[in-house]
Amino acid sequence: MHSDTVKLKIFRKDHGEKSPGRHDEFEVPVTEGMSVLDAVNYVVENIDSTISVRWNCKAAHCGSCAAEINNYPRLMCKTRIDDIGAEITVNPMGAFPHVKDLVTDLSGNFEIDRNIPEFKPKKGIELPWNIKEQDVTRAQEFRKCIECFLCMDVCHVIRNHSSKYIGPRHIIKAAALDMHPLDTVDRSVSLMNDKGLSLCNVTKCCQEVCPEHIKITDNAIIPEKERAIDKMYDPALMLFDKLKAIGKSGSR
Amino acid sequence: MNKAIKKYIPAEFLEFNPRLYAFILIIAIAVIAFFIFPVKELNGYIDPFYSPTILVLPFVGLYRLTCYAYRKDYNKHIFKHPLACPVVESMDSKKREYSGETSAIFKIENMHRYFLYAAIIILPFFFYDVYTSLFYTGAFVLRLGSIILAINAVLLTLYVFSCHSLRSLIGGRTDCFSCLNGGTLRKKIYNKQSWLNAHHEELAWISLIFIIFVDLYLRGLAAGMPIDFTFMVIH
Ligand code: SF4
Ligand code: SF4
């Protein structure tokens, strides 16, 4: 980038304000390695301290500074100014209720989380639990989630169509529990029937924006869909699983 | 009435959508061309579209139509749900109706594994066609066409074996590999297949383009173009 300053357009709207909001423009001097969050903070510290912005670690670990930068959901701290050009628009995440300026209300996510059936271990396993590495690697990928909710923001189902779908972040939470070797609950059918999993049309935008590079669609959504199909649409597998269960109880 | 229609024909099909009409037109022209101008067999080469018989084409077509890789592509580029991920370019909006995979027609996506089984059954025929093309005179004849058929068979195999439904069957549905007999081996196979699965989208497109190329190649041969070469003959 050649210019020494960058034009930053920041979305402004007060809490409860009825108007659709506006963009305030600021000229920000560019420094080496500057991120969008640095630029926004420069404005807050030097030009307009009334701007509300949520951030915490500045290291892509806390997930607080999620926003739509030039209409693409990203972490502000992980987006470098020199990667995106001389004019930058920063909007709050549009999929969530607005609070003020760049801040949105994410509390609905914690409500959804609470409604996912919790981990229920097999009965009578000796302590300490001894789990083989090969059985946990899949669920470990989902543990990388920093709860930035960018995947929820980009999902066209949540943005435009249905609040019934719990969304990619919560599917990976359910998948992490389902794939746990000691867990006894199956969440896939309820994801499909009650939590809107069949509204996802596997277009993979969630996977594209995830700053932790979690393969949300390939490794959580599609496997959960397939697990639900095993139980809902596949008579051959249903019979196979039944026979296996009978065989197991018979040999006990 | 409107509701009853929507139950069977999802909103995606009722919108004015030139992309969809163009897609249907291309498929219709292709199907008609297959029947009117068949090139089933030529100098020992069997056109993959007619192998083992054109009657399997609906299964192969449904395998591709319900494939997770193509689903992403047509939901984006034909139905525009969404056209692209950046939020202003998505062309999706609250005003457009959407039923995802909940409506009767799109529920067929859930049958993908059955079309996978059909595809696996059909695969050996493509390798048999390579064999036939090599020995059709009684002697061993290595020609460019046989190499093309062999590449086609390999690409189709890689495409079919990188399937998401197969991934689920091999290990996706398993929570505890170490609890199974031979679980470690199974996890290894699962990991290898997962690697292949990560390339499923590329393989889907490369194999589709290649099979069309093979068909055009054989049609070129049938039209008398000098595009076949013999590399080796062993009596
Ligand atoms: S793949 Fe599914 S969950 Fe992810 S963004 Fe697309 S519709 Fe939403
Ligand atoms: S899955 Fe990725 S995009 Fe979604 S909340 Fe977690 S870290 Fe963010």
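Draft legend 1. Structural context of the site of ligand 1. Residue and element names in this part refer to chain A. Every one of the 14 residues lining ligand 1 counts as a neighbour, but Cys 155, Cys 200, Thr 203, Lys 204 and Cys 206 are closest to it. Those elements that place two or more of their residues in the shell around ligand 1 are α6 (156-161), α9 (205-209) and α10 (216-232). When the residues that make up the shell around ligand 1 are grouped by side-chain class, the tally is nine nonpolar, four polar and one charged.

Draft legend 2. Expanded view of the environment of Gly220(B). Residues and elements named next belong to chain B. On the secondary structure map, Gly 220 appears in helix α10 (residues 200-222). Accessibility expressed as a relative area gives 7% for Gly 220, which makes it buried. The spatial distance from the C-alpha of Gly 220 to the C-alpha of Asn 43 is 13 Å, given a sequence separation of 177 residues.

Draft legend 3. Broad picture of unusual backbone geometry. Each neighbour pair has its own omega, and for Leu127(A) with Pro128(A) the value is -10°, a cis peptide bond. In this model, His81(B) is joined to Pro82(B) through a cis peptide bond whose omega is -5°. Positive phi outside glycine occurs at Phe149(A), with the angle close to 65°. The topology assignment puts Phe149(A) in the loop between α4 (133-143) and α5 (150-154). You can call Phe149(A) buried: its relative accessible area is 2%.

Draft legend 4. Region of interest: the pattern of salt bridges. Residue and element names in this part refer to chain A. Applying the stated criterion across every chain, the model contains 33 salt bridges over all chains. A salt bridge links Arg 80 to Asp 82, with the shortest nitrogen-to-oxygen separation between them at 3.0 Å. The exposure class assigned to Asp 82 is partly exposed, which follows from its relative accessible area of 37%. When the shortest N-O distance is used, the salt bridge between Arg 169 and Glu 147 registers 3.0 Å.

Draft legend 5. Looking closely at the site of ligand 2. Near ligand 2, the surroundings consist of Cys145(A), Ile146(A), Glu147(A), Cys148(A), Phe149(A), Cys151(A), Ile172(A), Cys210(A), Pro211(A), Glu212(A), Ile214(A) and Ile216(A). Residue classes in the shell around ligand 2 are distributed as ten nonpolar, no polar and two charged.

Draft legend 6. Up close: the packing of aromatic side chains. Following the criterion strictly, the structure yields 20 aromatic pairs over all chains and no others. Judged by centre distance (5.9 Å) and plane angle (85°), the ring pair of Phe34(B) and Tyr50(B) falls under edge-to-face. Pair noted here: Phe34(B) is in helix α3 (residues 18-36) and Tyr50(B) is in the loop between β2 (45-46) and α4 (57-65), with a separation of 16 residues, a long-range link. You'll find Phe34(B) and Tyr50(B) in the same group, each marked buried. By way of ring pairs, the aromatic residues Phe13(B), Tyr74(B), Phe79(B) and Phe106(B) are connected into one cluster. When the ring centre of Trp55(A) is taken as origin, the NZ or CZ atom of Lys58(A), which lies over that ring, is 5.6 Å away. If you follow Arg71(B) out to its NZ or CZ, it ends over the ring of Tyr68(B), 4.0 Å from the centre.

Draft legend 7. Structural view of the domain arrangement of chain A. Residues and elements named next belong to chain A. Under the domain assignment, chain A is made up of domain 1 (5-104) and domain 2 (107-235). For domain 1 and domain 2, the distance between their C-alpha centroids amounts to 30 Å. Each partner contributes residues to the interface: domain 1 has 16 residues there, and domain 2 has 16 residues. For the domain 1 face of the interface with domain 2, the top three residues by lost area are Pro 73, Ala 95 and Phe 96, together amounting to 37%.

Draft legend 8. Looking closely at the nonpolar core. Counting residues in hydrophobic clusters, the biggest one holds 73 residues, and the most contacted among them are Leu8(A), Val40(A), Leu75(A), Met76(A), Val90(A) and Tyr165(A). Counting contributing residues, this core receives three or more from each of domain 1 (5-104) and domain 2 (107-235) of chain A. What Val40(A) contacts, discounting residues up to four positions off in sequence, is Leu8(A), Ile10(A), Val53(A), Met76(A), Val90(A) and Leu102(A). The next biggest cluster of nonpolar side chains, apart from the first, holds 45 residues, and it includes Tyr50(B), Ile122(B), Leu134(B) and Leu156(B).

Draft legend 9. Summary view of the interface of chain A and chain B. Each partner contributes to the interface: chain A provides 44 residues, whereas chain B provides 46 residues. Of the roughly 3,900 Å² buried at the junction of chain A and chain B (both faces included), carbon and sulfur atoms supply 49%. Considering only the side of chain A, the residues that lose the most area to chain B are Gln134(A), Arg138(A) and Glu226(A), jointly responsible for 16% of the buried surface there. Viewed at the interface, chain B and chain A are joined by eight salt bridges. Of the charged contacts, one joins Asp230(A) and Arg113(B) as a salt bridge, the two residues approaching to 2.6 Å between their closest N and O atoms. At the level of elements, α4, α6, α9, α10 and α11 (235-251) of chain A are the ones that each hand at least two residues to the side of chain A that touches chain B. When residues in the side of chain A that touches chain B are grouped by element, the largest group, eight residues, is from α10(A).

Draft legend 10. Examining the state of the cysteines more closely. Throughout the structure, instances matching the rule amount to two disulfides over all chains. Covalent S-S linkage joins Cys205(A) and Cys85(B), the inter-sulfur distance amounting to 2.1 Å. Taking the sign of the S-S torsion, -80° for the link of Cys205(A) and Cys85(B), the bridge is left-handed. Here Cys205(A), found in helix α9, pairs with Cys85(B), found in the loop between α5 (68-77) and α6 (112-135), and the two come from separate chains. Pair check on accessibility: Cys205(A) and Cys85(B) agree, each one buried. Two residues share a disulfide in this structure: Cys176(B) and Cys179(B), whose sulfurs sit 1.9 Å from each other. Here the disulfide of Cys176(B) and Cys179(B) is right-handed, its torsion about the S-S bond being about 75°.

Conventions used here
Residues numbered from 1 in each chain as written. Chains lettered and ligands numbered in written order. Predicted model: local features only at pLDDT ≥ 70, side-chain atom pairs only at ≥ 80, totals over all residues. Heavy atoms only, no water. Near = heavy atom within 4 Å. Helix = DSSP H or I, 4+ residues; strand = E, 2+ residues; numbered from the N terminus. Nonpolar A, V, L, I, M, F, W, Y, C, P; charged D, E, K, R; others polar. Buried < 20%, exposed > 50% of the residue type's maximum accessible area, 1.4 Å probe, protein only. Salt bridge = Lys/Arg side-chain N within 4 Å of Asp/Glu carboxyl O. Phe/Tyr/Trp six-rings, centres within 6.5 Å; stacked < 30°, edge-to-face > 60°. Lys NZ or Arg CZ within 6 Å of the ring centre and 35° of its normal. Domains from an automatic or database assignment. Contact = heavy atoms within 4.5 Å. Buried area = accessible area lost by both parts, 1.4 Å probe. Core = buried A, V, L, I, M, F, W, Y, C linked by side-chain atoms within 4.5 Å. Disulfide = S-S within 2.5 Å.

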